[in-house]
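Residues per chain, in single letters:
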Amino acid sequence: MNLEKNLNKILIIDFGSQFTQLIARRIRELGVYSKIISNNKIKLKDILKNNVYGLILSGGPLNVYQSNKIKLDKRILNLGIPTLGICFGHQILSKEQGGKVKKSKYREFGLATIKKKNKSVLTRDFFNRNNTCDVWMSHSDEVSKLPKGFSVIGSTRNSKFAMIENLNKKMFGIQFHPEVTHTKNGKKLLKNFVFSICKLKKNWSSKRQKSKLVNEVKNQVKNSKVICALSGGVDSSVVGKLLKEAVGKNLVCIFVNTGLLRKDEEKQVVNTFKKRFKINLIYVNAKNIFLSKLKNISDPEKKRKIIGNLFIQIFEKQAKKIKNVKFLAQGTLYPDLIESKSVTGSQTSKIKSHHNVGGLPKKMKLKLVEPLKYLFKDEVRKLGIELKLGKEIVLRHPFPGPGLAIRMPGVITDKKIKILREADNIFIDELKKNNLYKKIWQAYAALLPVKTVGVMGDNRTYEYICLLRAITSEDGMTADFYNFNKKFIQQVSNKIINNIKGINRVVYDVTSKPPSTIELE
Ligand code: XMP
């Protein structure tokens, strides 16, 4: 059964913008169901039979006159359904309604100020007191002639027809992107479109999201077995729990203890998934092999490669023991998808070889189940809550696949791992006790490969330096260090030094990303 077919919805026609998923996400945030469909695939009958209350035409990389590449059944725009064109969508809507589009004299990329020209239901609470609003632009073409029956709502210095409307036809065009956070009141504009113009009512929630995904997985997997690599992190945990609801006993999770996990992490994973959720879980203790392969290795990329390859070997070996497996479930999120392909097709430089439980063997010839691939991290967290995963898992800071290995520059030893684990535990514990954990996107302790002199109880010490890192971020792509007050950081420093033998100095990392990265290696 297609649960969403009968839901009143916004249909987003995608012309290839990088931000199309972001539009869908903003509509979901408003509590309304939205569906994306490629402009190449959309048919008139899809709209007529699908309870479509509003259309959004997305941005895209093309020029509206490349008619051989742009397929859009023109009749769609004559159905009387409220329509909002964004960026390229604004241009194609204008062109189709009889306006003209040409190359802009001045391209507009980044922030621009839009000025109110006329009142509109679309812009209620959108402009500030000076009748302006900061918006985010990304275009080199512009609407140069207004289509008949349209009027201007707002203009920027370089784009006279940046916001237009034809109220009779319920058509609106905007040159900027309301879906990105840089557009100050973008969400208010979308809200006006969805509720005041399309007259939709709230009908979407995490609960519905969950039923939709469970159903999709059921339909995909049917009666086959699925394996899932569980790391204990948020994404794989949500996938594991979702799959348990969808396929029950046909799910087998594999959890590899690399020996590079946080304090008591393996116990938590086994307790939660095996005992509490009664999930088929294969626990592989591979500590020794990881540590022996990593012996004397200090190069960060070598460490990452060794861990990644070993993980795959172990996973494959275990997976082969399970009969009739046809699917591999992964916790791929939408940002992973956009980041993994270059949108412009240009060569991007490699900073780190990221490894996570997602990057699993292609040669296993298993079909992928990626239920989270259109979601963003915070949506996955909400889904986790809906799946009753428990806040301790859902709200946990991200943890990298290579684990403590990349928080310990230089060679890895058992002794260093033990010291680091304790220091990290103290830091995180203090963050939680002081209500700081949730304000921080990611925090951890690292162990630097330098010993320095200290004095404790009148004696000389010569021990390691512990580095603390705590950052705020939206998505891990950029980050800033968190500004702790002196009392807190002093308290953590004292606790670490007083409780852990092997550390006599604590430093706090005050670099942002860029120029640094979040992890040390
Ligand atoms: P960086 O250090 O690249 O980290 O600024 C950005 C985010 O990614 C996490 N990270 C990883 N996650 N496998 C993962 O699953 C990896 O190999 C990996 N390396 C870094 C990091 O913890 C931060 O959240």
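Thresholds, definitions, all that
- Residues numbered from 1 in each chain as written.
- Predicted model: local features only at pLDDT ≥ 70, side-chain atom pairs only at ≥ 80, totals over all residues.
- Heavy atoms only, no water.
- Patch = residues over 30% accessible without salt bridge, like charges linked within 9 Å, V, L, I, M, F, W, Y side chains within 5 Å.
- Areas by Shrake-Rupley, 256 points an atom, 1.4 Å probe, with all protein chains shown as cover.
- Salt bridge = Lys/Arg side-chain N within 4 Å of Asp/Glu carboxyl O.
- Lys, Arg positive; Asp, Glu negative; His and termini not counted.
- Charge placed at Lys NZ, Arg CZ, Asp CG, Glu CD.
- Helix = DSSP H or I, 4+ residues; strand = E, 2+ residues; numbered from the N terminus.
- Pairing = 2+ DSSP bridges.
- Axes fitted to C-alpha atoms, helices over the stretch in contact; angles between N-to-C directions.
- Contact = heavy atoms within 4.5 Å.
- Core = buried A, V, L, I, M, F, W, Y, C linked by side-chain atoms within 4.5 Å.
- Buried < 20%, exposed > 50% of the residue type's maximum accessible area, 1.4 Å probe, protein only.
- Phe/Tyr/Trp six-rings, centres within 6.5 Å; stacked < 30°, edge-to-face > 60°.
- Lys NZ or Arg CZ within 6 Å of the ring centre and 35° of its normal.
- Expected span 1.5 Å × (residues − 1).
- Disulfide = S-S within 2.5 Å.
- Left-handed = near helix turned anticlockwise from the far one by under 90°.
- Nonpolar A, V, L, I, M, F, W, Y, C, P; charged D, E, K, R; others polar.
- Domains from an automatic or database assignment.
- Polar contact = N/O pair within 3.5 Å; in protein donor to acceptor, adjacent residues only side chain to side chain.
- Parallel < 35°, antiparallel > 145°, perpendicular 65-115°, else oblique.

1. So, a positive patch on the surface
Where like charges cluster on the molecular surface, the positive patch consists of Arg-124, Lys-184, Lys-188, Lys-191 and Lys-202. With respect to the helices and strands, Lys-184 occurs in the loop between strand S9 (171-174) and helix H4 (186-197).

2. Some thoughts on the sheet that holds strand S10 (residues 225-229)
Judged by pairing direction, the sheet is parallel, and its five strands sit side by side in the order S12-S11-S10-S13-S14 without closing on themselves. Strands at the two margins of the open sheet, each flanked by one partner only, are strand S12 (280-285) and strand S14 (367-369). For this sheet the average axis-to-axis angle between neighbouring strands, irrespective of direction, equals 30°. Across the face of the sheet, helix H9 (residues 300-320) comes into contact with S10, strand S11 (251-257), S12 and strand S13 (325-329) while running at roughly 145° to S11.

3. Quick notes on the nonpolar core
Membership of the largest hydrophobic core comes to 52 residues, with the highest contact counts inside it found for Ile-227, Phe-427, Leu-431, Phe-484, Ile-496 and Ile-503. Here the element with the most residues in this core is helix H13 (residues 414-433); it accounts for eight residues. Excluding residues that lie within four positions of it along the chain, Phe-484 makes contacts with Phe-427, Leu-431, Leu-436, Ile-440, Ala-470, Ile-489 and Tyr-508. Core analysis: the second largest hydrophobic core is formed by 36 residues, Val-226, Leu-242, Phe-327 and Leu-372 among them.

4. Comments concerning the sheet that holds S9
Pairing in this open sheet of nine strands is mixed, and the strands run S2-S1-S3-S4-S9-S8-S7-S5-S6 from one edge to the other. The sheet is open, and its two borders are formed by strand S2 (33-38) and strand S6 (132-145), each paired with just one other strand. Each adjacent strand pair in this sheet contributes to an overall mean axis angle of 20°, direction not counted. In terms of strand pairing, strand S1 (residues 9-14) meets strand S3 (residues 52-57) through five bridges, oriented parallel. If you follow Lys-9 over to S3, its bridge partner there is Val-52. Each of S1, S2, S3 and strand S4 (83-86) is contacted by helix H1 (residues 20-29), which is oriented at about 160° to S2, the strand it contacts most.

5. Looking at the packing of aromatic side chains
Throughout the structure, instances matching the rule amount to 15 aromatic pairs. Judged by centre distance (5.0 Å) and plane angle (80°), the ring pair of Phe-126 and Phe-127 falls under edge-to-face. Judged by relative accessible area, which is 0%, Phe-126 ranks as buried. Given the relative accessible area of 12%, Phe-127 is considered buried. Taken together, the aromatic side chains of Phe-427, Phe-481, Tyr-482, Phe-484, Phe-488 and Tyr-508 make up a single cluster linked through ring pairs. The positively charged end of Lys-241 is found above the aromatic ring belonging to Phe-277, 4.6 Å away from the centroid. It is Arg-407 that lies over the ring of Tyr-444; its NZ or CZ is 3.9 Å from the centre.

6. Structural notes on helix H5 (residues 206-221)
Between its first and last C-alpha atoms H5 spans 22 Å; for 16 residues at 1.5 Å apiece the expected length is 22 Å, and the two agree. Gln-209, Lys-210, Lys-212, Leu-213, Val-214, Val-217 and Val-221 are the residues of H5 that are buried. Immediately downstream of H5, the backbone of Lys-222 shows phi near 50°, a positive value.

7. Re the state of the cysteines
Simply put, disulfide is the name for a covalent bond between the sulfur atoms of two cysteines. Tallied over the entire structure, the rule returns zero disulfides. For Cys-198, which is in no disulfide, the shortest distance to another cysteine sulfur is to Cys-87 and amounts to 20 Å. Take Cys-198: its relative accessible area is 4%, and that puts it in the buried class. Looking at the unpaired Cys-253, the closest cysteine sulfur is the one in Cys-228, lying at 4.3 Å.

8. A look at the packing of H5 against helix H6 (residues 234-247)
Running from N to C, H5 and H6 cross one another at 65°; their axes reach a closest spacing of 9 Å. The crossing of H5 and H6 is right-handed. Residues Lys-210, Leu-213, Val-214, Val-217, Lys-218 and Val-221 of H5 form the contact with H6, whose own contacting residues are Leu-242, Leu-243, Glu-245, Ala-246 and Val-247. Residue classes in the contact of H5 with H6 are distributed as eight nonpolar, no polar and three charged.

9. A look at the domain arrangement of the protein chain
Looking at the protein chain, the domain boundaries give domain 1 (3-197), domain 2 (206-394) and domain 3 (413-508). Distance between the C-alpha centres of domain 2 and domain 3: 28 Å. Taken together, the contact between domain 2 and domain 3 spans seven residues of the former and seven residues of the latter. Between the two partners, domain 2 and domain 3, sit one salt bridge. One salt bridge in this structure joins Glu-422 and Lys-263, with 3.2 Å as the shortest N-O distance. The tally of links between domain 2 and domain 3 comes to three residue pairs in polar contact (both at pLDDT 80 or more).

10. Considerations on the packing of H6 against helix H11 (residues 377-386)
Contact pair H6 / H11: the axes reach a minimum separation of 10 Å and the direction vectors enclose 45°. If you check the angle between H6 and H11, you find them oblique. Our pair here, H6 against H11, has a crossing hand that is left-handed. Listed contacts from H11 to Val-234, Asp-235 and Val-238 of H6 are Lys-377, Val-380, Arg-381, Leu-383 and Gly-384. Of the residues in the contact of H6 with H11, the class split is four nonpolar, one polar and three charged.

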